[in-house]
Amino acid sequence: MKTLTLLLVAAFSINNCICVDRNNFKTCDQSGFCKRLRPLKPEKSQYTLNVDSVFVHGNVLSAEVITVNYDGEKKNVEWHYALRLSALVDGTFRVEIDEAEPLYPRYRSMVALDGEPKGDTLKLISNENGKLTLKNSQGHKVIITAEPLKFEFLDKNGEPAVVLNDNAQLFVEPLKVRNGDGEDTDIEGSLAENFKSHHDSKPRGNEAVSIDVAFPDAEQAYGIPEHTDGFHLKTTTSGEPYRLYNLDVFEYELDSRMAIYGSIPVMYAHGPKRSVGVFWHNSAETWIDVVNYGEGNVVSSLVNLVTGGQKRRVDARFMSESGVVDIFVLMGDAPSDVYRQYSTLTGVTPLPPKFSLAYHQSRWNYVDEADVRSVDEGFDSHDIPLDVIWLDIEYTDNRKYFTWHPIKFAHPAEMVGNLTAKGRKMVVIIDPHIKREAGYFFHEDCTEQGLYIKNKDGNDYEGWCWPGSSSYPDFHNPAAFKYFAERYRFENFPGTNKDVHIWNDMNEPSVFNGPEITMPKDNRHYKPSQDGQDGLASFWEHRHIHNEYGVWHIMATHQGMLDRTNGKYRPFILSRAVYSGTQRYAAVWTGDNMAEWGFLLASISMCLSLASAGVSFCGSDVGGFFKYPEAELMTRWYQAAAFQPFMRAHSHIETKRREPWLYDATTTSRLRDAVRRRYALLDLWYTLFYEHTLDRVPVMRPLLTHYPKEEQTYTIDDTYLLGDKLLIRPVVEPGVSSVKVYLPGRDSHTVWYDVDSFQRHEANGYFTQEVTISKIPVYQRGGSIIPRKERVRRSSALMEDDPYTLVVTLDINNTATGTLYIDDGETYDFKSNKFIYAKITYEQTAMKYIITNSGNYPTRSWLERIVIAGIKSPPKSAKLIQDGKSTALQMTIHRGNDVLVVRKPAALMAKAWEIQFSY
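1. Quick look at the side chain of Glu96
- Position of Glu96 among the secondary structure elements: in strand β4 (residues 92-99).
- Here the side chain of Glu96 touches Arg108 through a polar contact of 2.8 Å, side chain to side chain.
- Those residues in contact with Glu96 that sit more than four places away from it in its chain are Ala82, Leu83, Arg84, Ser86, Arg108, Val325 and Asp326.

Given below as structure tokens:
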């Protein structure tokens, strides 16, 4: 077995060519349903609404849809479908089309939605001349044309915002009985498909679905992560469509529409008029074509033909291998509206434990307990803060999860205790592949209890992954879900405690010897038994659920981590596989990147795409997983990562060690500075994540979120916002002494301040900013207040009671506002109102700290300093008022940059206070 493992590692060795082997992954022409559907572009849709069947009740329109063909003058009905159009709260609609009486139940994704969507009102306004007009409570209208079937969703101004089936590409392949040879001979590829040496038996035959979506007046489209070709989507007519199919793509490449680890089928379209979106609720393999008629490479005659002369329009087409047509239409109309509408459907990132927002140090692998201790002490001796040390697969007993290596990690409780004594945590990896070894309790239990995924013949599926021969728990089976979750109990996983958190990797799922390095599509998953359902109706195929498998994995982990502390402590989980709903349970990283400048740049656009698609807790392997980052690249990566939501350094087992102090002293100093900058802003990060649970807007945001009319922002993906307060422009090119920075907000007279010098910049689009190797351009918006903690210690837990500095940057009206969230950082006590959420305001005569919630939290932190930038006429005196007491304060004015510093107000942050200024 060890020999096999070494062979697997060798096969994946970084000493080989650093490039993806495209031969391992399908193109559209090699994916049967994509090859079948993509060329189909009928002049007229074959789908027709039976107007006489329309029934509206509550928030739902129900009707029959039929497919027809014509034999001369004779109209023949081919198939019957059931249509549901639902109006949902917050300007959202849902369109569902399923077979009226399917031969077998068609799969509907089970994990993407955060509960059943709430309904709005839906009124039928008119039904005449083959058109129905309906309206929701918010003033959006839907016009349904009966023949050919088309859905037009109108904004509040009565203009088309989203159109379904405008290009007649709605298809639902009906399930059909096979002939005596098991083949539906009238449909290409229904019997089986082959890819390389792999055979897909396709027991149900063809069952693909597709629909086209038009976005009138849209300038750009975004979303459908995870891909590497930038934040805004490109026209696909001259190449491959975007593919959504969770895959372990070894050495994935940049500027590609290939599928990689994640698949979130939500797309947004934006232009000066509005933002809108659609969510294609489907967990099967999906291909998506995009045509942006505003791009220069789209022929102008095609633009005029399709758009009727419109200069702005984006079209998309979703094609999935199975499932039903189930699409949500998000009516916007601002970017923050569509982000909120999508997150209302699929959930938000819950408030994470505070430590998880700090710095993480990882490697495949820290070799033993002494190595862990050495790394831990290295951060202390070099004065670099650290919150988490990670252990990859080698900590286990021969890659058997929920075990420890008996020699290298023989004293796990003591090892963890050494970390927690300093306020630090540990994260260990638990992958879904289970080693098939006699005597291994997990394998024995799963085999005996029937908890593994089955192959097409109904036997336990056996694939190959890091342990060698492996099987995979079937989380659709409630017994398997429960068994896996229970492994996290402290008594079942000795050596762990509440400060050991979990990394769920390889959960696409990755199968080294499987088709496309994943699981065969005709594998079988558990399905609850129902009367009269047997044979093909008695199980789900892996093709139906593939993209959501990783969510089931992290759901079981999440449940187990909750249960192990009786629901008291917040879990932290990291997942590589991503699908809609992942954000409710785990953070995400961009996978096995490389130590190259292009991957540093891609980390920004990839996390922007994921954040827009609901996954706010995103980061990349700092420094790159493969290869070795030289000093300049490593410095720039740390500086960038300090301002991304998840900050973890991680590297491949065969790369040179790269802990910060292993570089030269000057570089170590710069890396230290980047990490310390991160820690100084932890309370800003924590507040932003709390506010995300309220407003459902991403923490990391594209510029267009707050500046939707500025067309230059539509294609910027090297600059972004944290909340609406900080603008970050990482340096992603080597050897530069200046970079171009876009400062938005010209029409609103926005001003921006350099966070170090407080130099004031008026927003005016692009300008050239000089840079040194010591920092990257970061600006605070005028009119904002940001909390900082300047006393950076060796872990975030040790900073809990430390004092705050409030940085105030004034707008053109000499005002500013901000917020601060405080709780214990680790439990769910905040759900019992044990927290502080304060609003902070500044006007020329007073600065106020107002606690907005009715509860309380007994923080011992206090206010050490206030820095006010952009102050032209400083006050002569200031006094603090708290608990009815008045205290005179000291101030210092720095004329060179118009900064006023109020020193040691000593206000307690557990109570409201006010500082009054006199002139």
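2. Some words on the state of the cysteines
- With the rule as written, the count across this model stands at two disulfides.
- Note that Cys28 is cross-linked by a disulfide to Cys34, the S-S spacing being 2.0 Å. Judged by the torsion about the S-S bond (-95°), the Cys28/Cys34 disulfide is left-handed. Of the two residues, Cys28 and Cys34, neither departs from the other in class, the shared state being buried.
- Disulfide pairing places Cys607 opposite Cys618 at an S-S distance of 2.1 Å. Residues Cys607 and Cys618 share a disulfide whose torsion about the S-S bond is about -75°; that sign makes it left-handed. Placement of the pair is Cys607 in helix α11 (residues 597-612) and Cys618 in strand β34 (residues 618-619), with a sequence separation of eleven residues.

3. Focus: the side chain of Asn547
- Position of Asn547 among the secondary structure elements: in the loop between α9 (542-545) and α10 (549-564).
- Given a relative accessible area of 2%, Asn547 falls into the buried group.
- Of the polar contacts made by the side chain of Asn547, one reaches the backbone oxygen of Ala284; its length is 3.3 Å.
- Setting aside chain neighbours within four positions, we find Asn547 in contact with Leu244, Tyr245, Asn246, Ser263, Ser283, Ala284, Glu285, Val578 and Tyr579.

4. Side note on the packing of helix α12 (residues 631-641) against helix α13 (residues 665-680)
- Packing of α12 against α13 leaves a shortest axis separation of 8 Å and a crossing angle of 10°. Our classification of the angle between α12 and α13 gives roughly parallel. Contact residues: Ala631, Met634, Thr635, Tyr638, Gln639 and Ala641 in α12; Thr667, Arg670, Leu671, Ala674, Val675 and Arg678 in α13.
- Of the residues assigned to the contact of α12 with α13, the class counts are seven nonpolar, three polar and two charged.

5. Digging into α11
- Between its first and last C-alpha atoms α11 spans 24 Å; for 16 residues at 1.5 Å apiece the expected length is 22 Å, and the two agree.
- Gly614 sits one or two residues past α11 and shows a positive phi near 100°.

6. Considerations on the pairing of strand β7 (residues 141-145)
- Along β7, four of the five residues are buried, which leaves the element largely enclosed by surrounding structure.
- Strand direction decides the pairing type here: β7 and strand β8 (residues 150-154), joined by five bridges, are antiparallel. By the bridge assignment for β8, Lys141 is matched with Leu154.
- Hairpin connection, β7 to β8: the antiparallel pair is bridged by four residues.

7. Here's the deal with the sheet that holds strand β50 (residues 863-869)
- One closed barrel holds the ten strands; their spatial order is β45-β46-β50-β53-β52-β51-β54-β49-β48-β47, and the pairing between them is mixed. With strand direction ignored, the average angle separating the axes of adjacent strands in the sheet is 20°.
- When strand β48 (residues 836-843) meets strand β49 (residues 846-851), the two strands line up antiparallel, connected through six bridges. Looking at β49, one finds that Ile840 is bridged to Tyr849.
- Lying on the sheet, helix α14 (residues 682-695) is in contact with β45 (784-788), β46 (804-809), β47 (816-822) and β48; it crosses β47 at an angle near 90°.

How each quantity is defined
- Per chain, residues are indexed from 1 in the order of the written sequence.
- In view of the model being predicted, local features appear only for residues whose pLDDT reaches at least 70, and side-chain atom pairs are presented and counted only at 80 or more, with totals across whole chains, interfaces and linings using the full set of residues.
- Neither water nor hydrogens contribute to the side-chain values; these are computed over all heavy atoms in the structure.
- Here a strand is any run of E in DSSP of at least two residues, a helix any run of H or I of at least four, and the numbering for each starts at the N terminus.
- Residues adjacent in sequence count toward polar contacts only when both atoms are side-chain atoms; beyond that, a polar contact is any pair of N or O atoms within 3.5 Å, and within protein one must be able to donate a hydrogen and the other to accept it.
- Every residue pair with non-hydrogen atoms within 4.5 Å of one another is taken to be in contact.
- The definition used for a disulfide is geometric: two cysteine sulfur atoms within 2.5 Å.
- For the exposure calls, accessible area comes from a 1.4 Å probe over protein chains only, and a residue counts as buried if that area is under 20% of its type's maximum, exposed if over 50%, partly exposed in between.
- Axes here mean lines fitted to C-alpha atoms, for a helix over just the part in contact, with angles spanning 0 to 180 degrees between N-to-C directions.
- Small angles under 35 degrees read as roughly parallel and large ones over 145 as roughly antiparallel, with 65 to 115 read as roughly perpendicular and the rest as oblique.
- In this classification, Asp, Glu, Lys and Arg are treated as charged, Ala, Val, Leu, Ile, Met, Phe, Trp, Tyr, Cys and Pro as nonpolar, and every other residue, Gly included, as polar.
- Here a helix's expected span is defined as the number of its residues, less one, multiplied by 1.5 Å.
- We treat two strands as partners when DSSP finds at least two bridges between them.

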